Amino acid sequence: MPDVIPENSVGLVTPKTHHFDEPLTLRSGRVLKEYDLVYETYGELNADRSNAILICHALSGDHHAAGYHSMDEKKPGWWDTCIGPGKVIDTNVFYVVALNNLGGCSGSTGPTSINPETGKVYGPEFPICAVRDWVNSQARLADVLGIDVWAAVVGGSLGGMQVLRWSIQFPERLKHAVVIASAPKLSAQNIAFNEVARQAIAKDPDFHDGWYHEHNTLPKAGLMQARMLGHLTYLSDDAMKQKFGRELRAEEFNFSFAPEFQVESYLHYQGEKFSTRFDANTYMLMTKALDYFDPAAAYGDDLVACLSNAQCRFLVVSFTTDWRFAPERSEEIVNALVHADKDVSYACIESTSGHDAFLLPIPRYLDVFKAYMDGVADRCGLSGGQS
Amino acid sequence: MTALRADLAIIQKWVKPGSQVLDLGCGEGQLLKYLQEEKQVRGYGLEINPEKLTACIRNGVNVIEQNLDNGLGNFADNSSDTVIMTQALQAVKRPDELLDEMLRIGKEAIVTFPNFGYWKTRFYLLLKGRMPMSDTLPYNWYDTPNIHMCTFRDFEILCREKGIRILNRTVMDDQHQQHWSIGLWPGMLGEIAVYHITRR
């Protein structure tokens, strides 16, 4: 689709896959004897391996964070806004690693992979992963790539939770943590939304308790509903007002139950698109990982004690109209970091875009983020922090 | 190291090396940056202006987006050695409560504010019969962020009522310069004061 690759794009990229033979014990107690992680890298790793940035993806993200897989690809990677030459995460300066998490459906081992023990697709038998399992597997990928210490680990939403987990679990392996539009744990409301989404999938007759592959079906209707609901929580009332208002597709009401308002057809479109590209079991698994995440629980629910092990500097960013992970949730993290006497900066960005804002080119957001990443480059002794 | 604004230069002298500082309304973070680099001070700045907040991040200081009018409940008792607030006291909703908060969080506080008792201000009101405007106070009465102007004497009376001890006071003109002549009648001749205060 891009006739010409834009100058500030990382250009054409090819994913790589690494096969891991060493078993990984998961939080659930189950063991993945072997697994693959698919990842992309942008920029060059410097001689002393001090310029590496890890990108952690959110619920429906993957390893394709920037650039294009081919000239036919319609859209660049999901965080192309922020990753590229001269961009916020400047690939002239940094070596950027983005991977698809375990349990994903974009190439890393997950429910759609073949279970080597049974020779069948894992399906619903793929172990439910926790955020710490992802972080453990990411650390192994870092070992493979020869990265002892990340200059920064960066992520939004569920990605931000992985960043937090990194700072607690491998405090000596990252210098900076960038936690965007995230939360220290889900609220009851967040969990409730996830459960409604999971039920929509589970109750789809084509779901077959997760064995849809064996029945040659896909629970498209359920996944579509789940995505429509999820999508609602990513938008704000303001954003929907601006985007659709009460606009109709036709001139007048036609007094039927088919989608009539633009907002309805938009949701249908988003749900439809998602239901053909995403795996339902992966969606179930990812939402469970979200629900389970609560690093403070092991410290008597004391987030300050939990974060006191961290050694890195933090940037925390929230967005005013994000109600999925509202600014107050980010402020819980910030306040805990302040109480733990950690280096932290916090910006609450004015935006009408809700949770989705973290993926959008909002000028003030990019300014703050860029200023911080230039500081990361400076503190890591990388020449030309600003390009 | 760039030269520090004159009032900040006075403030920094009162901050102990290696101590913990909270800077309320920290602007672009110049003072924190200076204290960090020259005195190995640790701490946080609070700021709500977007451009200034970004400048703080560029300056490599910890800055938190937080409105002083929403309170400082997220900072623990005695978590700082010194809480600093330059040129913001007159712009908050409840300066008296904020002073209490500053001395709850910090063992000491440093406050600067413009003197409404400055002779030019007094004469402006007396002769023109209008709310005083000047280079230090460039706003109209209806759009000024300075909603709680006070004189040095007002401030000192408030401190006495609250049992706050004034450790030190430096009075300056609008260029933040000290001059012996201001000392003749500071409440009349001083435009800005820096107070170093503590709990009794």
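Just so we're clear, the structure is a prediction, and the values are computed from it rather than from any experiment.

Draft legend 1. Highlighting the overall build of chain B. Scanning chain B for helices and strands turns up seven helices and seven strands. Helices and strands in chain B line up, N terminus first, as α-β-α-β-α-β-β-α-β-α-α-β-α-β. Taken against the 2.2 N^0.38 rule, which gives 16 Å for 200 residues, the C-alpha radius of gyration of chain B at 17 Å falls within 12% of a compact globule. Taken along its principal axes, the extent of the C-alpha atoms in chain B is 50 × 35 × 35 Å. Looking at chain B as a whole, 42% of its 200 residues are labelled buried. In chain B, 62% of the contacts between residues at least 6 apart in sequence involve partners at least 24 apart.

Draft legend 2. Quick peek at the overall build of chain A. Within chain A, the regular secondary structure consists of ten helices and twelve strands. Relative to its length of 387 residues, chain A is compact, with a C-alpha radius of gyration of 21 Å against a globular reference of 21 Å. With the C-alpha coordinates aligned to their principal axes, the bounding extent of chain A is approximately 65 × 50 × 50 Å. Relative to its full complement of 387 residues, chain A shows a buried share of 51%. Taking contacts inside chain A between residues at least 6 apart in sequence as the whole, the part at least 24 apart equals 71%.

Draft legend 3. Fine view of unusual backbone geometry. Residue and element names in this part refer to chain B. One non-glycine residue, Q40, lies in the positive phi region at around 50°. Phi is positive for Q87, which is not a glycine, with a value near 55°. Examined against the element boundaries, Q87 turns out to sit in the loop between β4 (80-86) and α4 (95-105).

Draft legend 4. Expanded view of the pairing of strand β11 (residues 313-319) of chain A. All names here are of chain A. Of all seven residues making up β11, seven are buried, and the element is well covered by its neighbours. Side chains of β11 alternate between two faces, with R313, L315, V317 and F319 and F314, V316 and S318 buried alike. In terms of strand pairing, strand β10 (residues 176-180) meets β11 through five bridges, oriented parallel. Its bridge partner being in β11, H176 is matched across the sheet by R313. Bridge analysis of β11 against strand β12 (residues 344-349) gives six bridges, and the strand direction is parallel. In the sheet register, L315 faces β12, and the bridge partner there is S345. Note on the crossover from β11 through helix α9 (residues 327-339) to β12: the handedness is right-handed.

Draft legend 5. The arrangement of the interface of chain A and chain B in detail. In this assembly, 16 residues from chain A lie in contact with 14 residues from chain B. When residues of the side of chain A that touches chain B are traced back to their parent elements, those giving at least two are α9, β12 and α10 (363-379) of chain A. Broken down by element, the side of chain A that touches chain B gets its largest block of residues, six residues, from α10(A).

Draft legend 6. Fine view of the confidence of the model for chain B. Residues of chain B with pLDDT of at least 70 account for 98%, and the chain-wide mean is 93. Both scores are available for the predicted complex, with the pTM at 0.95 and the ipTM at 0.93.

Draft legend 7. Fine view of the pairing of strand β5 (residues 52-56) of chain A. Residues and elements named next belong to chain A. With respect to burial, β5 is a largely interior element, five of its five residues being buried. Burial along β5 is two-sided: A52, L54 and C56 and I53 and I55, pointing in opposite directions, are all buried. Here four bridges tie β5 to strand β8 (residues 95-99), and the two strands are oriented parallel to one another. Across the sheet, I55 pairs through a bridge with A98, a residue of β8.

Draft legend 8. Region of interest: the environment of B:V15. Residues and elements named next belong to chain B. Looking at where V15 falls in the secondary structure, it is placed in the loop between α1 (6-13) and β1 (20-24). Taking the number of C-beta atoms within 10 Å as the measure of exposure, V15 has 24 and is therefore buried. Sequence-wise, V15 and G117 are 102 residues apart; in three dimensions their C-alpha atoms are separated by 28 Å. Those residues in contact with V15 that sit more than four places away from it in its chain are V21, L35, K39, V41 and T82.

Draft legend 9. Geometry of α10(A). An ideal rise of 1.5 Å per residue puts 24 Å on 17 residues; α10(A) measures up with 24 Å between its terminal C-alpha atoms. Counting buried positions along α10(A) gives twelve out of 17 residues, so the element sits mostly inside the fold. Turning to α10(A), its buried residues are A:Y365, A:D367, A:V368, A:F369, A:K370, A:A371, A:Y372, A:M373, A:D374, A:G375, A:V376 and A:A377. Those residues of α10(A) hidden inside the fold are in contact with β7 (89-90), β9 (152-156), β10, β11 and β12 of chain A together with α3 (50-58) of chain B. A positive phi of about 65° marks A:G381, the residue just after α10(A).

Draft legend 10. Representation of the environment of A:M228 in the model. All names here are of chain A. Tracing the sequence through the fold places M228 in helix α4 (residues 220-234). Sequence separation between M228 and L267 is 39 residues, and the spatial gap between their C-alpha atoms is 5.6 Å. When sequence neighbours within four positions are dropped, the list of residues in contact with M228 reads L267, Q270 and G271.

Rules behind the numbers
Residues numbered from 1 in each chain as written. Chains lettered and ligands numbered in written order. Predicted model: local features only at pLDDT ≥ 70, side-chain atom pairs only at ≥ 80, totals over all residues. Helix = DSSP H or I, 4+ residues; strand = E, 2+ residues; numbered from the N terminus. Rg over C-alpha atoms; globule rule 2.2 N^0.38 Å. Buried ≥ 20, exposed ≤ 12 C-beta atoms within 10 Å, placed from the backbone. Contact = placed C-beta atoms within 7 Å. Pairing = 2+ DSSP bridges. Right-handed = clockwise from strand over helix to strand, strands pointing away. pLDDT = per-residue confidence, 0-100. Expected span 1.5 Å × (residues − 1).

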